[in-house]
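# Close look at the chain arrangement
Chain residues, written in single-letter form:
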Amino acid sequence: MALVAKMTGSAIENKDYYGELEVTRDANDAALRKAYRRLALEFHPGKSDAPDAANRFLAVNEAFEVLSNKRYKATYDQFGSRGLQEGAPKGKEGFTEAYVYHGDAMETFRSFFGGENPFHDLFPPADEFGVVNEVAPRTRMKQNPPLIKPLVVSLEEAYLGCVKKMRVQRDVMNDDGYTSMIREKILTIHVKPGWKEGTRITFEKEGDQEANGIPADIVFVLEYKKHPLFTREGNDLVHTAKVSLANALTGCEVRLTTLDGRILNLPINDVVRPGFERRVVGEGMPITKSPGQKGDLILRFETQFPSSISEEGKALIRQALR
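Residues numbered from 1 in each chain as written. Predicted model: local features only at pLDDT ≥ 70, side-chain atom pairs only at ≥ 80, totals over all residues. Heavy atoms only, no water.

### Here we look at the confidence of the model for the protein
When the pLDDT values of the protein are averaged, the result is 84; 85% of them are 70 or greater. Looking over the protein, one finds the lowest element-wise mean pLDDT in helix α1 (residues 2-8), namely 32, and the highest in helix α7 (residues 155-160), namely 97. Counting contacts from residues 1-11, a segment whose pLDDT is below 50, to residues more than four positions away or on other chains yields 10 contacts. The low-confidence segment residues 119-125, where pLDDT is below 50, has 19 contacts with residues more than four positions distant or belonging to other chains. (pLDDT = per-residue confidence, 0-100. Helix = DSSP H or I, 4+ residues; strand = E, 2+ residues; numbered from the N terminus. Contact = heavy atoms within 4.5 Å.)

### A look at the environment of Gly80
Secondary-structure assignment places Gly80 in helix α5 (residues 70-86). With 65 residues separating them in the primary sequence, Gly80 and Lys15 have C-alpha atoms 7.5 Å apart. Among residues more than four places away in sequence, those in contact with Gly80 are Asn14 and Thr75.

### Things to note about the nonpolar core
A general trend in soluble globular proteins is that nonpolar side chains are found buried together. Ranked by size, the top nonpolar core spans 36 residues in total, and within it Phe220 and Phe301 carry the most contacts. The element that contributes the greatest number of residues to this core is strand β7 (residues 218-224), accounting for 4 residues. Apart from the residues lying within four places of it in its own chain, the contact partners of Phe220 are Lys149, Pro150, Leu151, Met166, Val168, Leu187, Ile189, Thr199, Arg200, Ile201 and Phe203. (Core = buried A, V, L, I, M, F, W, Y, C linked by side-chain atoms within 4.5 Å. Buried < 20%, exposed > 50% of the residue type's maximum accessible area, 1.4 Å probe, protein only.)

### Overview of the sheet that holds strand β2 (residues 147-153)
On the basis of which strands lie adjacent, the open sheet formed by 3 strands has the order β2-β7-β5 and mixed pairing. Looking at strand neighbours, the two that pair on one side only are β2 and β5 (200-203), the edges of this open sheet. For this sheet, the mean angle separating the axes of adjacent strands, direction not counted, is 25°. Strand direction decides the pairing type here: β2 and β7, joined by 7 bridges, are parallel. Following the sheet pairing, Leu151 is matched in β7 by Leu222. (Pairing = 2+ DSSP bridges. Axes fitted to C-alpha atoms, helices over the stretch in contact; angles between N-to-C directions.)

### Brief notes about the packing of helix α3 (residues 29-42) against helix α4 (residues 53-67)
Relative to each other, α3 and α4 sit at 165°, their axes nearing to 10 Å. Here α4 runs roughly antiparallel to α3, going by the angle between their axes. Seen from above, α3 lies across α4 with left-handed handedness. Counted together, Leu32, Arg33, Tyr36, Leu39 and Ala40 of α3 and Arg56, Phe57, Val60, Asn61, Phe64 and Leu67 of α4 form the full contact between these two elements. Along the lines of polarity and charge, the residues of the contact of α3 with α4 split into 8 nonpolar, 1 polar and 2 charged. (Parallel < 35°, antiparallel > 145°, perpendicular 65-115°, else oblique. Left-handed = near helix turned anticlockwise from the far one by under 90°. Nonpolar A, V, L, I, M, F, W, Y, C, P; charged D, E, K, R; others polar.)

### Focus: the sheet that holds strand β12 (residues 277-280)
An order of β8-β9-β13-β12 is seen for the 4 strands of this open sheet, with the pairing classed as mixed. Strands with a single pairing partner mark the edges of an open sheet, and in this sheet they are β8 (231-233) and β12. When the angles between neighbouring strand axes are averaged without regard to direction, this sheet yields 35°. Taken together, the 3 bridges between β8 and strand β9 (residues 236-244) define a ladder with antiparallel strand orientation.

### With respect to the environment of Phe230
The residue Phe230 is located in the loop between β7 and β8 in this model. Classification of Phe230 as buried rests on a relative accessible area of 6%. The residues contacting Phe230, other than those within four sequence positions of it, are Leu155, Leu237, Val238, His239, Leu256, Thr257, Leu259 and Leu297.

Shown next, in the form of structure tokens:
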């Protein structure tokens, strides 16, 4: 009878994994890792004298293993721990595979900290007489993947150069080596004139810190805001001018405000035929690796045709184009 009760779910305990980690249900991955690090070290059997330390250590590790796994967390959030242990419905495909924690809290702990002693890299083990073996094997410290962030600038800022101050939040270890806190820092980026989209600016080891780990790098990747007049192609600037059919045939003047605020009056005396371009040398983007040099400004044209022409007008056009 006990076996039947377990399979029908009446004997399965519904566990509060968020409560075990002392976080809210909207906690992100960084908050989960921070909470786990603090509680796992607090209730570690080799450190804590609390009577319930072993049970708390097991519960904290089980909670973290579930909530740090996207698939397990999604099932738990929707169906609770019972859905994890019995399998949750997934439409016409039946049920998800049942999950039960393996029960080895130290395995979860080692996976997170890289060993049973999170300070093994800094303090090699001593022998029975307290003498440290300087050649004791050490686990190589690992660095988390870089944190990629966009650095959005206007085309004017990329043309002239600018200074951007980026506020970042990062998890920093406290002096005790056990706990951490969120701290803000301002990172200053000097954008050089002519920097292209995709330029990467790296701040080494400015990301989250972890016990027994190397802080991640923060990498900013340059992106341009959309500009109403210009697009960039290589080191050139491209502007598409809209001209009437009359101006395309008889000539016109294109008036442009440059990215540094100057006014260009560009006469167009040629017939603007399909594919026609006008190149203005030296009015493009600055070339970062060649100070003082710039690309070109390329004018392209979009001819706007009239919606209708009178018979008299058609006759005049035929006569003019003979």
